[in-house]
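# Summary of structural features
These are the residues of each chain, in order.
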Amino acid sequence: METSIATLNQKSVNTPSVSETQVIGLFGFGTVGRGLYHVLEQSPTTKARIKRVCIKNSEKERDLPQSLFTTDAQSLLADEEINLIVELIDNATDAYHIVKSALLAGKSVVSGNKTMLAHHLEELIALQQETGAALLYDASACGSIPVIRNLEEYYDNDLLLSIKGILNGSTNYILSRIFTDGQNYSDALKRAQELGFAESNPSFDVEGLDALYKLIILTVHGFGTYVHPQQAFNYGISNLGQPDIRYAREKGLKLKLVATLAKLNKERFTLFVMPTFVKPDEYIYNVEEEYNGVVIEGAFYEKQFMFGKGAGGFPTGSAVLSDITARFHDYRYEYKKRSYFSPLAYTTNVLVEVYLRYTSPVDLDLFGFTEISEKYSSREYSWVIGKLRLSSLISIKELLPKLNVFLAFTGNVEPNGTGGNNE
Ligand code: HSE
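Calculation rules
- Residues numbered from 1 in each chain as written.
- Predicted model: local features only at pLDDT ≥ 70, side-chain atom pairs only at ≥ 80, totals over all residues.
- Heavy atoms only, no water.
- Helix = DSSP H or I, 4+ residues; strand = E, 2+ residues; numbered from the N terminus.
- Rg over C-alpha atoms; globule rule 2.2 N^0.38 Å.
- Buried < 20%, exposed > 50% of the residue type's maximum accessible area, 1.4 Å probe, protein only.
- Contact = heavy atoms within 4.5 Å.
- Lys, Arg positive; Asp, Glu negative; His and termini not counted.
- Charge placed at Lys NZ, Arg CZ, Asp CG, Glu CD.
- Axes fitted to C-alpha atoms, helices over the stretch in contact; angles between N-to-C directions.
- Left-handed = near helix turned anticlockwise from the far one by under 90°.
- pLDDT = per-residue confidence, 0-100.
- Pairing = 2+ DSSP bridges.
- Near = heavy atom within 4 Å.
- Polar contact = N/O pair within 3.5 Å; in protein donor to acceptor, adjacent residues only side chain to side chain.
- Areas by Shrake-Rupley, 256 points an atom, 1.4 Å probe, with all protein chains shown as cover.
- Core = buried A, V, L, I, M, F, W, Y, C linked by side-chain atoms within 4.5 Å.
- Domains from an automatic or database assignment.
- Salt bridge = Lys/Arg side-chain N within 4 Å of Asp/Glu carboxyl O.
- Nonpolar A, V, L, I, M, F, W, Y, C, P; charged D, E, K, R; others polar.
- Expected span 1.5 Å × (residues − 1).

### A short note on the overall build of the chain
- Counting secondary structure elements, the chain contains 14 helices and 17 strands.
- Computed over its C-alpha atoms, the radius of gyration of the chain comes to 22 Å, within 12% of the 22 Å expected for a compact globule of 423 residues.
- For the chain, the spread of C-alpha atoms along the three principal axes comes to 70 × 50 × 40 Å.
- Expressed as a percentage of its 423 residues, the buried residues of the chain come to 57%.
- Taking all contacts inside the chain whose residues are at least 6 apart in sequence as the whole, residues at least 24 apart take part in 75%.
- Taking the 41 positively charged and 50 negatively charged side chains of the chain as two groups, their mean positions are separated by 2 Å.

### Re the environment of Q193
- Note on placement: Q193 falls in helix 7 (residues 185-194).
- Sequence separation between Q193 and S170 is 23 residues, and the spatial gap between their C-alpha atoms is 8.0 Å.
- With sequence-adjacent residues up to four places away left out, Q193 is seen in contact with A198 and P202.

### Some points on the packing of helix 1 (residues 31-41) against helix 11 (residues 313-328)
- Viewed as axis vectors pointing N to C, helix 1 and helix 11 meet at an angle of 65 degrees, and their least axial separation amounts to 7 Å. The element helix 1 and its partner helix 11 pack so that their crossing is right-handed. Touching T31, V32, G35, L36, H38, V39 and L40 of helix 1 are G313, F314, T316, G317, S318, V320, L321 and I324, all from helix 11.

### A closer look at the confidence of the model for the chain
- A residue-level look at the chain finds 94% of positions with pLDDT of 70 or above and a mean pLDDT of 93.
- Segment residues 2-18: pLDDT under 50, and 38 contacts once partners within four positions in sequence are set aside and those in other chains are kept.

### As for the pairing of strand 11 (residues 291-298)
- With six of its eight residues buried, strand 11 lies for the most part within the structure.
- For strand 7 (residues 160-166) and strand 11, the ladder comprises six bridges, and the chain directions are antiparallel. Bridge pairing links L160 to G298 in strand 11.
- Bridge count for strand 11 against strand 12 (residues 302-309) is eight bridges, and the pairing is antiparallel. Bridged to I296 within strand 12 is Q304.

### Quick look at the site of the ligand
- If you check the shell around the ligand, you find K114, N168, G169, S170, F197, A198, E199, D205, D210, K214, G310 and A311 and nothing else.
- Interatomic distance of 2.7 Å between a side-chain N/O atom of D205 and a nitrogen atom of the ligand.
- A total of 250 Å² of accessible area belongs to the ligand in isolation, and the protein chains cover 92% of it.
- Elements represented by at least two residues in the shell around the ligand include exactly helix 6 (169-181) and helix 9 (209-222).

### Concerning the sheet that holds strand 1 (residues 22-27)
- Ordered by their spatial adjacency, six strands build an open sheet running 3-2-1-4-5-6, and the pairing between neighbours is parallel. The sheet is open, and its two borders are formed by strand 3 (69-70) and strand 6 (135-136), each paired with just one other strand.

### A short note on the nonpolar core
- Ranked by size, the top nonpolar core spans 136 residues in total, and within it V86, V147, F233, M274, F367, L393 and L407 carry the most contacts.
- Here this core spans two domains, since at least three of its residues come from each of domain 1 (10-136) and domain 2 (148-415).

### A word on the domain arrangement of the chain
- Domain parsing of the chain yields domain 1 (10-136) and domain 2 (148-415).
- One C-alpha centre belongs to domain 1, the other to domain 2; they are set 29 Å apart.
- At the junction of the two partners, domain 1 supplies 38 residues and domain 2 supplies 33 residues.
- At the surface where domain 1 touches domain 2, the tally comes to three salt bridges.
- In this structure, K114 engages D210 in a salt bridge whose closest nitrogen and oxygen atoms are separated by 3.0 Å.
- Where domain 1 touches domain 2, the interface holds 11 residue pairs in polar contact (both at pLDDT 80 or more).
- Along the lines of polarity and charge, the residues of the side of domain 1 that touches domain 2 split into 20 nonpolar, 13 polar and five charged.

### Focus on helix 6
- Taking 1.5 Å per residue as the helical rise, helix 6 with its 13 residues ought to reach 18 Å, and the 17 Å between its terminal C-alpha atoms agrees with that figure.
- Summarising burial for helix 6: 11 of the 13 residues are buried, a large majority.
- Restricting attention to buried positions, one finds in helix 6 the residues G169, S170, T171, N172, Y173, I174, L175, S176, R177, I178 and F179.
- Where the residues of helix 6 are buried, they touch strand 7, helix 7, helix 8 (203-206), helix 10 (242-250), strand 9 (254-263) and strand 11.
- Looking at where helix 6 begins, the residue whose side-chain oxygen comes 3.2 Å from the main-chain nitrogen of S170 is N168.
- Of the residues trailing helix 6, G182 is marked for its positive phi of about 70 degrees.

### Digging into the side chain of N113
- Here N113 shows up in the loop between strand 5 (108-111) and helix 4 (114-131).
- By relative accessible area, N113 is classed as buried at 4%.
- A polar atom in the side chain of N113 sits 3.0 Å from the backbone nitrogen of M116.
- In this view, N113 contacts E87, I89, D90, N91, A92, A95 and S140; residues no more than four positions away in its chain are not counted.

As structure tokens, then:
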């Protein structure tokens, strides 16, 4: 795919008009792009047609007319008949340039690229306001579950207290295979790749980055605040071992990769992604396979639960279709929490309670526990349950996956004293 599209970067302030038919320029024909094509075919009342598809590799065999495909990105962006760009490519840098160029050319965009959005959302929000073009991306978080639009439209007040969710289908699938069938980690990961759930680089899934990117997007729509991924903590399941599985089973718990967003007080919230012990009475306890589940908690309404397929071509393709039809009705995100509220401030000055399995006391010392409530030691390994500051975890975030340890959140988080700096 050609990415030299700088010539299209001249500013345009055309307000895009909503025409009778949406003529789509599609970028990417991988799992989700093909899924969208299929879903569109099965949706005859949708007034949308794909005019051209920009792909990277023209040599690949495809069972559609060759004339549909091009490797020339500019030809889509410059085509006046195309009034909607749908961006479903893997490469986040290319995706950023495509989305930016399209918005600057006055074309609205539907994107599913959580990596790109989590890094550039702040700028892309400003670009939408400047150009009048709209960017929709409900497919980027939780596949077929319409969580972004709900946070934007239904939860458009300040009652929201927390969001806790399984946002990554691949890791949930892997954990289901391990806990339910006793399959080993690498076989389960391989299967998730074969089924098209995993990212092209599956470390994004298993290290919790994919879930973090989705959580960052949800945070913008939930609390109005943008948090850069580097400022946030993610830890995944790649170091999960038999002792951790045994520990969870003995306590009657499951381990899930959970994204947590919690309001701490009127001014502050925190967020992180970690393997988390889940109790049988929690809604997400029974979320298995590639399904996602999101629990939204608010003052007065307590908890609400959204559940659905979070990965795979057809579920995600159907979310893209929903954004396409939303654009037909001229829908755009208003970013209400940013427009009408004072967005909450992000803090890492909180105490989180974790389980840490380790072998070397040197590794234990790296964590700076402020309190340890339980300890276990054997010749092979030890574990502790205790509290530590989220900021301490962030300071060793890059090192953590390389250590012979496994970390999991118990579910307890509290503000650390009266402070609350964004450290
Ligand atoms: N790799 C992602 C997942 C795909 O497993 O959830 C959907 O975003």
